[in-house]
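So the chains spell out like this:
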Amino acid sequence: MAAEPASSVFDSPESKSFCLRLQYSVTKNNLPGDHCIETNVPFPSGAGAFRCTAKYWPNWTVSNCIRISVVVTRTHCQIRHKVLAAHIVLPVLWSNTVPSAITAIRSFQNDAVPAAGDVEGGTTLHFMRDSVERFCVGADGHFTALCTVAVSRSWPPPPLPAPRTLGRDISVVAPDLADVSFRVEGETFAAHRLVLAARSPVFKAALYGEMAESKASTVVAIEDMRAPTFRSLLDYMYHGSLPVAEMDDASMKEEFQHLYVAADRYGLDTLKDMCEEVLCARVSVSTVLSNLVFAEERTCTKLKPRCLNFLAVGENFKEVAVTSEYFDMMMESPGLLAEVQNWFKRPRLT
C-alpha cells in the first residue's frame with residue numbers, strides 16, 4: 001500500500017480558507033529540526049495569479065515546538081493585488097480542560113511589500129509540541145490546521161475578520177440584540193439572524209429569503225434534531241469550535257455523526273469535513289461498523305476507506321467479526337459486508 005503523504009489539503013468553501021491535515025506521529029521522530037514539509041495549496045483567487053504554500057516543521061529548532069507557515073506569492077507581474085495570509089488555528093478534538101483552539105506561542109506576520117512591487121504575505125505560528133500531542137492529534141496520528149488567506153487590492157490590506165473572535169463578541173457582548181429563537185426538543189436557543197445567514201446559505205434562505213415564514217415570527221421550530229446537536233451547531237457558527245467534552249469512542253462517534261448530519265442539512269461544508277476528520281481519528285473496534293454504515297449512507301469519502309483499512313488488519317477483523325453488530329450487518333447489509341470481505345482479501349504491497 002502506498003505511503004500516505006505527510007500533509008494534505010482539503011478545501012473549506014465557506015470562506016477563503018483551507019484545512020491542512022498533517023501526519024504527526026510518523027514525522028515527529030524522522031525529520032531534523034530545520035526540515036519542513038511543503039504542500040502546494042490551490043489558490044483560485046486571481047485565476048492562478050498567486051501561489052500558496054503551506055509549510056510544516058514537526059521538530060522546529062526551538063525546544064519542544066512545531067512550526068506551521070502559510071506563504072503566498074504573486075506569479076503574474078501585471079496583477080496589482082496585495083496578499084495577506086492571516087490565520088492559522090489548531091482546533092482541539094476532545095477536551096474540556098483547554099480552550100477550543102491551541103494558542104500559538106509566537107506569531108510572525110510579513111506585512112512588508114518590496115519596492116519593486118513583488119507581493120509576498122504570510123503567517124508563521126509556533127505551537128508547543130506537548131499541547132498539540134495531547135489535545136489535537138487523533139488516534140490515527142494526524143491533526144488538522146485551519147488556515148485562512150485573503151487578497152486585497154489596497155495596501156495595507158484591511159484586517160481579515162476572525163470569525164471566532166467576532167462570533168464570541170456578538171454572542172457575549174450583544175445577547176440583547178438576538179432577533180430569532182429556535183425551539184429544539186423543548187429547549188430555546190437565542191441567536192442573531194445576520195450571524196446565521198452569514199455562515200449558512202440554508203439559514204440565509206430561511207431567515208431572509210422571499211418565502212421566509214420566520215420573518216413573521218421570532219421563534220422557529222427545528223424538527224428531527226437533538227438539542228445538544230443544535231447547540232454544537234450554534235457554537236461552531238459563532239466560535240468555530242467543536243464539541244470538547246471528554247467522551248469515549250462510542251459517545252464521540254454518536255456526537256459527531258449527529259453534528260455531521262446537521263452540518264450537511266445547513267450547508268456547512270467545513271464543519272462536515274471537520275466532523276469526518278474526528279470520526280476518522282476515533283475509528284475503533286467498537287465504532288468501526290456503525291461508522292462504516294454511516295459513511296456508506298452519507299457518502300463520506302474519507303471515513304469509508306478509513307473503516308475498511310481498519311478492518312483489513314487481521315487482528316481488528318477478528319475482534320469485530322465476533323460481535324453481534326457484525327452479525328446484524330450480515331443480515332441487514334449483505335452488499336456492504338461483501339465489500340468488507342473483499343477489501344480484507346485484496347493483495348497489499350509491502
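Residues numbered from 1 in each chain as written. Predicted model: local features only at pLDDT ≥ 70, side-chain atom pairs only at ≥ 80, totals over all residues. Heavy atoms only, no water.

For the protein, the name recorded in an unreviewed UniProt entry is BTB domain-containing protein, with Urochloa decumbens as its organism. Under the Sequence similarities (unreviewed entry) heading, UniProt states for the protein: "Belongs to the Tdpoz family." (UniProt positions renumbered as here; feature names shortened; annotations may be inferred.)

The subject of this paragraph is the packing of helix 7 (residues 249-265) against helix 9 (residues 288-298). The interhelical angle for the contact between helix 7 and helix 9, taken along N-to-C directions, is 5°, at an axis separation of 11 Å. Considered as vectors, helix 7 and helix 9 are oriented roughly parallel to each other. Residues Lys253, Gln257, Tyr260, Val261 and Asp264 of helix 7 form the contact with helix 9, whose own contacting residues are Ser290, Asn291, Phe294 and Arg298. (Axes fitted to C-alpha atoms, helices over the stretch in contact; angles between N-to-C directions. Helix = DSSP H or I, 4+ residues; strand = E, 2+ residues; numbered from the N terminus. Parallel < 35°, antiparallel > 145°, perpendicular 65-115°, else oblique. Contact = heavy atoms within 4.5 Å.)

Okay, the sheet that holds strand 13 (residues 219-221) next. Read across the open sheet, the three strands follow the order 12-11-13; overall the sheet is mixed. Strands with a single pairing partner mark the edges of an open sheet, and in this sheet they are strand 12 (187-191) and strand 13. Across this sheet, the average inter-strand angle for adjacent strands is 25°, counted without regard to direction. Summarising the sheet, strand 11 (residues 180-184) and strand 13 pair through three bridges and their orientation is parallel. Note on strand 13: the bridge partner recorded for Ser181 is Val219. Running over the sheet, helix 6 (residues 227-239) touches strand 11 and strand 12 and is turned about 10° from strand 12. (Pairing = 2+ DSSP bridges.)

Core analysis: the largest hydrophobic core is formed by 57 residues, its most contacted members being Phe182, Leu196, Phe203, Phe230, Leu233, Leu271 and Leu303. In terms of residue count, the dominant contributor to this core is helix 6 (seven residues). In this view, Leu303 contacts Glu276, Leu279, Cys280, Val283, Asn291, Phe294 and Ala295; residues no more than four positions away in its chain are not counted. Counting 25 residues, the second largest nonpolar core, distinct from the first, contains Leu22, Cys52, Leu125 and Cys147. (Core = buried A, V, L, I, M, F, W, Y, C linked by side-chain atoms within 4.5 Å. Buried < 20%, exposed > 50% of the residue type's maximum accessible area, 1.4 Å probe, protein only.)

A separate point is unusual backbone geometry. Trans peptide bonds make up the majority, and among non-glycine residues the majority have a negative phi. Despite not being glycine, Glu185 has its phi angle at roughly 50°, a positive value. Locating Glu185 in the fold gives a position in the loop between strand 11 and strand 12. Residue Asp224 is not a glycine yet carries a positive backbone phi of 60°. Along the chain, Asp224 falls in the loop between strand 13 and helix 6.

On to the packing of aromatic side chains, then. For the coordinates displayed, the defined rule picks out ten aromatic pairs. Aromatic pair Trp57 and Trp60: ring centres 5.6 Å apart, planes at 70°, arrangement edge-to-face. When its relative accessible area of 9% is taken as the criterion, Trp57 is described as buried. Connected via pairs of aromatic rings, a cluster forms that spans Phe182, Phe189, Phe203, Phe230 and Tyr266. Over the aromatic face of Trp57 sits the side chain of Arg67, whose NZ or CZ is 4.6 Å from the ring centroid. Across from the ring centre of Trp60, 4.3 Å away, lies the NZ or CZ of Arg67, which sits over that ring. (Phe/Tyr/Trp six-rings, centres within 6.5 Å; stacked < 30°, edge-to-face > 60°. Lys NZ or Arg CZ within 6 Å of the ring centre and 35° of its normal.)

It is worth spelling out the pattern of salt bridges at this point. One pass over the structure, following the stated rule, counts nine salt bridges. When the shortest N-O distance is used, the salt bridge between Asp264 and Lys272 registers 3.2 Å. Residue Lys272 is classed as buried on the basis of its relative accessible area, which comes to 17%. The partner of Asp264 in a salt bridge is Arg298, and the shortest N-O contact between them spans 3.5 Å. Of this pair, Asp264 sits in helix 7 while Arg298 sits in helix 9; the two residues are 34 residues apart in sequence, bridging distant segments of the chain. (Salt bridge = Lys/Arg side-chain N within 4 Å of Asp/Glu carboxyl O.)

Right, let's get into a nonpolar patch on the surface. A contiguous nonpolar patch, built from Phe327, Met330 and Met331 and spanning about 340 Å² of accessible area, is present on the exposed surface. Structurally, Phe327 can be placed in helix 12 (residues 324-332). (Patch = residues over 30% accessible without salt bridge, like charges linked within 9 Å, V, L, I, M, F, W, Y side chains within 5 Å. Areas by Shrake-Rupley, 256 points an atom, 1.4 Å probe, with all protein chains shown as cover.)

So, on to the environment of Ala227. Summarising the element assignment, Ala227 is placed in helix 6. Considering only alpha carbons, one finds Ala227 and Phe189, 38 residues apart in sequence, at a separation of 9.2 Å. Not counting residues up to four positions away in its chain, the partners in contact with Ala227 are Val184, Glu185, Glu187 and Phe189.

With that out of the way, let us pick up the side chain of Arg129. As for its placement among the helices and strands, Arg129 is situated in helix 2 (residues 129-135). At 3.4 Å, the side chain of Arg129 forms a polar contact with the backbone oxygen of Pro58. Every residue in contact with Arg129, bar those within four places of it in the chain, is listed here: Tyr24, Pro58, Asn59, Trp60, Asn64, Cys65 and Ile66. (Polar contact = N/O pair within 3.5 Å; in protein donor to acceptor, adjacent residues only side chain to side chain.)

Here we come to the packing of helix 6 against helix 7. For the pair helix 6 and helix 7, interaxial distance at closest approach is 9 Å and the crossing angle is 65°. Here the hand of the crossing between helix 6 and helix 7 comes out right-handed. Contacts between helix 6 and helix 7 involve Pro228, Thr229, Ser232 and Leu233 from the former and Glu255, His258, Leu259, Ala262 and Ala263 from the latter. Here the residues of the contact of helix 6 with helix 7 sort into five nonpolar, three polar and one charged. (Left-handed = near helix turned anticlockwise from the far one by under 90°. Nonpolar A, V, L, I, M, F, W, Y, C, P; charged D, E, K, R; others polar.)

Right, let's talk about helix 6 for a bit. Look at helix 6: 18 Å from first C-alpha to last across 13 residues, which is about the 18 Å you get at 1.5 Å a residue. Burial within helix 6 is extensive, with ten of its 13 residues counted as buried. Burial in helix 6 covers these residues: Ala227, Thr229, Phe230, Ser232, Leu233, Leu234, Tyr236, Met237, Tyr238 and His239. (Expected span 1.5 Å × (residues − 1).)

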